[in-house]
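Residues per chain, in single letters:
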Amino acid sequence: MTRRWLVTGCSSGLGRAVVDAAARAGDLVVATARRPAVLEEQAARFPDRVTTVALDVCDPAQCEAAVAHAVDRFGGVDVLVNNAGAGLFGAVEEVTDDELRAQLEILTVAPWRLVRLVLPLMRAQGSGHIVNVSSLAGRTGFPGLSAYVAGKYALEGMSQVLAAEAAPFGIRVSAVEPGGFATRYGAALAEAATRVPAYEGITQDMRSGLRDMEDNPALGRPEAFAAHLLRLVEADSAPVRVPVGADAFAFLELVEEAAREELAAARTLVTDAPTPPEAAPVTAPVT
């Protein structure tokens, strides 16, 4: 079966690898980037399978145009991969309202917008697969990535609700959670304009590790991520949230263990709390 893909954020890293893998599998791909010229080499290698279009996912008109291009060129969309993203480094106290809004716009609002645009197509054809590329940050908090974590948590919440709403129409939804992959995410990470020195010792190790991601030989290759994603799309069924990479599973096992311990501690706090004494009756003051 030939699938028709619409993939965002294809200029490098995971998105670019997904385009290659899908095209090599014989599928048809609309590859998008803010500067589509960076995709010319891929389009030239797969001239009958890959078409490119300019897409800034924060631009509603360009989102509509990208979906329209997929319909005009390939007749529709079978797989939407919401991969485009960007990170902001800053503690909660350091992130301004405007910086938070910008982060949520690209991590949550933009994927939501594209989902809304493809859903009528998928409902009409009675099938489809929406893949939201999340993160381990969609399951736990990382110091210094406050706004990014907030955006990914929101994306996973939307994905879980959408999965329940779309299933009756034959539409599958996945929130994939990559472990460590060698991409430009860390190198491209923006910094909050406000710096509070008190947090430097708390966040500096995280910042250093992220900055070195692209050249870290211990991290997975984007091609491996793409291979996992193709297997997910080809599978008959899968859970909504899907970790990708052995390190992701190991990390999330620790997260789940910590969550169980937290739940047990919370239960003890609530159920073993002493019953407060009855309040004394209120009487009128003596005059």
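Here goes a summary of the coordinates provided. (Residues numbered from 1 in each chain as written. Predicted model: local features only at pLDDT ≥ 70, side-chain atom pairs only at ≥ 80, totals over all residues. Heavy atoms only, no water.)

1. A word on the pairing of strand S6 (residues 128-133)
For S6, a buried count of six out of six residues is recorded, marking the element as mostly surrounded by other parts of the structure. With burial as the criterion, each face of S6 is covered, one bearing Gly128, Ile130 and Asn132 and the other bearing His129, Val131 and Val133. In the sheet, strand S4 (residues 79-82) pairs with S6 via four bridges, with the strands oriented parallel. Note on S6: the bridge partner recorded for Val79 is His129. In the sheet, S6 pairs with strand S7 (residues 171-178) via six bridges, with the strands oriented parallel. The partner of Val131 across the bridge, within S7, is Ser174. (Buried < 20%, exposed > 50% of the residue type's maximum accessible area, 1.4 Å probe, protein only. Helix = DSSP H or I, 4+ residues; strand = E, 2+ residues; numbered from the N terminus. Pairing = 2+ DSSP bridges.)

2. Considerations on the packing of aromatic side chains
According to the stated counting rule, one finds three aromatic pairs in the structure shown. For the pair Tyr148 and Tyr185, a centre-to-centre distance of 5.2 Å together with 50° between the ring planes defines the contact as tilted. Separated by 37 residues along the polypeptide, Tyr148 in helix H5 (residues 146-166) and Tyr185 in the loop between S7 and strand S8 (190-191) bring together distant segments of the chain. On the basis of relative accessibility, which here comes to 10%, the residue Tyr148 falls in the buried class. Judged by centre distance (5.7 Å) and plane angle (75°), the ring pair of Phe181 and Phe225 falls under edge-to-face. Of the two residues, Phe181 is situated in the loop between S7 and S8 and Phe225 in helix H7 (residues 222-234); the sequence distance between them amounts to 44 residues. Each member of the pair, Phe181 as well as Phe225, is classed as buried. Note that Arg123 overlies the ring of Phe169, its terminal NZ or CZ placed 5.9 Å from the centroid. (Phe/Tyr/Trp six-rings, centres within 6.5 Å; stacked < 30°, edge-to-face > 60°. Lys NZ or Arg CZ within 6 Å of the ring centre and 35° of its normal.)

3. Notes on the environment of Glu191
The topology assignment puts Glu191 in strand S8. The spatial distance from the C-alpha of Glu191 to the C-alpha of Glu99 is 9.7 Å, given a sequence separation of 92 residues. For Glu191, the contacting residues outside a window of four places in its chain are Leu88, Phe89, Glu99, Arg207 and Arg211. Separated by 2.9 Å, the side chains of Glu191 and Arg211 make a polar contact. (Contact = heavy atoms within 4.5 Å. Polar contact = N/O pair within 3.5 Å; in protein donor to acceptor, adjacent residues only side chain to side chain.)

Everything listed here is a matter of coordinates, which is why it stays silent on function.
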